[in-house]
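# Inside the fold
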Amino acid sequence: MLKDITLGQYFPGKTIIHRLDPRTKIIMVVVYIVALFLAVKYASYGLMLAFLVSVMILSRISPKRLLSGMKPLIIIILLTGILNIFYTGGEHLLVHWRFIRIYREGLINAGYMILRIIMLISGTFLLTYTTSPIELTDGLERLLSPLKKLHVPVHELSMMMCIALRFIPTLIEETDKIIAAQKARGADFETGNIFRRAKALVPILVPMFISAFRRADELAVAMECRCYHGGEGRTRMKIMKMKLRDYVTFLIGALLLAGVIVLRHFGL
């Protein structure tokens, strides 16, 4: 299960999506999320799904890779759908048993909610899959640079995000090794009730936290040895410049958002 967590991983490529400016991709993800939450029915969701599939094809990221990354979130997605089924009222009652009532509107709403969550996760995954952590950090820092006038530590916040994304796969790999080592010593993590399973996680959590703190200390020492003092006076090896493909992407994003707003106005 841990190996299926792909958040923070970057898959190098030379597609047009990979070559977009990181600022463009960050802004487009925000536009995509806003448009996704404005979608109401099948037509607007179909438009958003067509856009998502187009990006997947252009970036050459297979649907299998995206879906495999969602395996750890299956319980949350299903729980959200079930709650929408039981807590959404309507006019067309399908099931009435004691205090349980299921309406057709609840089933439809649950389907839309599950689809929305899957598309939301897929969109954010595509951002990290096609953008390296360093590019993502530089792009976010440039976008938030106006906040420096308000004395907001933009560079430090961006660096923290970069480090967090970079170490997610490393910590997952280390946790997997700890689990394998504990299983070799006879530990059992799959049988028993929920309390026994939770107690069995203690031999995993303690070494994992120790390893995380050790890596954080080593990273801090390495940064101090390289005379790192924040973003003041720092230069970049690669200067980000907007190109024609970035402006075309912005135009597509504006058309997507406008299309969803129009469809929402007509209730589609």
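The preceding data block contains the structure.
First, a word on scope: everything that follows refers to the structure included in this document.

Turning next to the overall build of the protein chain. Scanning the protein chain for helices and strands turns up 10 helices and 2 strands. For the protein chain, the N- to C-terminal ordering of α and β elements is α-α-α-α-β-β-α-α-α-α-α-α. Projected onto its principal axes, the C-alpha positions of the protein chain cover 70 × 60 × 40 Å. Of all 268 residues assigned to the protein chain, the portion counted as buried reaches 31%. Long-range pairs, those at least 24 residues apart, make up 73% of the contacts in the protein chain between residues at least 6 apart in sequence. Accessible area of the protein chain: about 17,300 Å², with a carbon and sulfur share of 68%. The distance from the centre of the 34 positive side-chain charges to the centre of the 18 negative ones in the protein chain is 6 Å.

Here helix 1 (residues 22–38) crosses helix 2 (residues 42–59) at 155°, and the two axes come no closer than 10 Å. When the axis of helix 1 is compared with that of helix 2, the two are roughly antiparallel. In this structure, the crossing between helix 1 and helix 2 has a hand that is left-handed. Facing helix 1, whose interface residues are Met28, Tyr32, Ala35 and Leu36, helix 2 presents Tyr45, Met48, Phe51 and Leu52. Split into classes, the residues belonging to the contact of helix 1 with helix 2 amount to 8 nonpolar, no polar and no charged.

A separate point is unusual backbone geometry. A positive phi is found at arginine 60, a non-glycine position, where the angle reads about 60°. In this structure, arginine 60 sits in the loop between helix 2 and helix 3 (63–69).

Considered for burial, the residues of helix 6 (residues 133–143) that qualify are Pro133, Leu136, Thr137, Gly139 and Glu141. Contact partners of the buried residues in helix 6: helix 1, helix 5 (104–130) and helix 7 (154–184).

About the cut-offs
- Residues numbered from 1 in each chain as written.
- Predicted model: local features only at pLDDT ≥ 70, side-chain atom pairs only at ≥ 80, totals over all residues.
- Heavy atoms only, no water.
- Helix = DSSP H or I, 4+ residues; strand = E, 2+ residues; numbered from the N terminus.
- Buried < 20%, exposed > 50% of the residue type's maximum accessible area, 1.4 Å probe, protein only.
- Contact = heavy atoms within 4.5 Å.
- Areas by Shrake-Rupley, 256 points an atom, 1.4 Å probe, with all protein chains shown as cover.
- Lys, Arg positive; Asp, Glu negative; His and termini not counted.
- Charge placed at Lys NZ, Arg CZ, Asp CG, Glu CD.
- Axes fitted to C-alpha atoms, helices over the stretch in contact; angles between N-to-C directions.
- Parallel < 35°, antiparallel > 145°, perpendicular 65-115°, else oblique.
- Left-handed = near helix turned anticlockwise from the far one by under 90°.
- Nonpolar A, V, L, I, M, F, W, Y, C, P; charged D, E, K, R; others polar.

Fair warning: the whole summary comes from geometry, so function is off the table for now.
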